[in-house]
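A look at the structure
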Amino acid sequence: MEILKKYGLVILSCWIAFVFVQSLFFKFSNSPETQYIFGTLGAWSGFTWFAAYGAYAIGSLELVAAVGLFTRWRPFAALLALGIISGAIIFHLFTPLGVVMPSFDSAGNVNGDDGGTLFVMACLVWASALVIVWRELLGPSGRLHIAFLSQQD
């Protein structure tokens, strides 16, 4: 239990960074998965530019968050991650995107689905980011709570 107290936030940060960084290849290479996700969202929203540029914008923000999780700005990077992943979860739940994503072969043809793995990973990232934000920013020992208390004196 002592290890979790000492390294828990680092472990959560590593998880978030792992998910964000491993997804950059897909976002920055315009993979079939990326074309499907951002194309679906672009068509649904009417923002055709989102289909072409959304992956680069989101991927860039994910990279900033992933790097920031290992700096003194970790609570704010976690807040950024929480915002990014909240958007992803909302899009999965309330748009034609859905929870289960198709999987693609090397030729770009659909060869099955992910069984909801991407969505589950998003939910775990959301929970991890929320824990970091609570512990380091909002909770009783968080920066904002301490700053507010020090102004009360």
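These figures come from a predicted structure and were not determined experimentally. (Residues numbered from 1 in each chain as written. Predicted model: local features only at pLDDT ≥ 70, side-chain atom pairs only at ≥ 80, totals over all residues. Heavy atoms only, no water.)

1. A word on the overall build of the chain
Regarding its fold elements, the chain presents 6 helices and 2 strands. Counting from the amino terminus, helix and strand elements in the chain follow one another as α-α-α-α-β-β-α-α. Counting only C-alpha atoms and orienting by the principal axes, one finds that the chain spans roughly 60 × 35 × 25 Å. Residue burial in the chain is summarised as follows: out of 153 residues, 35% are buried. (Helix = DSSP H or I, 4+ residues; strand = E, 2+ residues; numbered from the N terminus. Buried < 20%, exposed > 50% of the residue type's maximum accessible area, 1.4 Å probe, protein only.)

2. A few points about the packing of aromatic side chains
For the structure shown, the criterion picks out 9 aromatic pairs. Ring geometry for Phe-28 against Tyr-56: centres 6.2 Å apart, planes inclined by 10°, an arrangement best described as stacked. One end of the pair, Phe-28, is in helix 1 (residues 2-28); the other, Tyr-56, is in helix 3 (residues 48-68), with 28 residues separating them in the sequence. Judged by relative accessible area, which is 35%, Tyr-56 ranks as partly exposed. (Phe/Tyr/Trp six-rings, centres within 6.5 Å; stacked < 30°, edge-to-face > 60°.)

3. Structural notes on the packing of helix 4 (residues 74-94) against helix 5 (residues 117-138)
For any two helices packed against each other, one specifies the inter-axial angle together with the distance between the axes. Viewed as axis vectors pointing N to C, helix 4 and helix 5 meet at an angle of 150°, and their least axial separation amounts to 8 Å. In this structure, helix 4 crosses over helix 5, and the sense of that crossing is left-handed. Between helix 4, through Arg-74, Pro-75, Phe-76, Ala-78, Leu-79, Ala-81, Leu-82, Ile-85, Ser-86, Ile-89, His-92 and Leu-93, and helix 5, the contact on the second element is made entirely by Leu-118, Phe-119, Ala-122, Cys-123, Val-125, Trp-126, Ala-129, Leu-130, Ile-132, Val-133, Glu-136 and Leu-137. Its residues placed into classes, the contact of helix 4 with helix 5 shows 20 nonpolar, 2 polar and 2 charged. (Axes fitted to C-alpha atoms, helices over the stretch in contact; angles between N-to-C directions. Left-handed = near helix turned anticlockwise from the far one by under 90°. Contact = heavy atoms within 4.5 Å. Nonpolar A, V, L, I, M, F, W, Y, C, P; charged D, E, K, R; others polar.)

4. Some points on the side chain of Lys-27
Relative to the assigned elements, Lys-27 resides in helix 1. Its relative accessible area of 12% is what places Lys-27 among the buried residues. Only 3.1 Å separates the side chain of Lys-27 from the side chain of Glu-62, close enough to count as a polar contact. In this view, Lys-27 contacts Thr-34, Phe-38, Ala-55, Tyr-56, Ile-58, Gly-59 and Glu-62; residues no more than four positions away in its chain are not counted. (Polar contact = N/O pair within 3.5 Å; in protein donor to acceptor, adjacent residues only side chain to side chain.)

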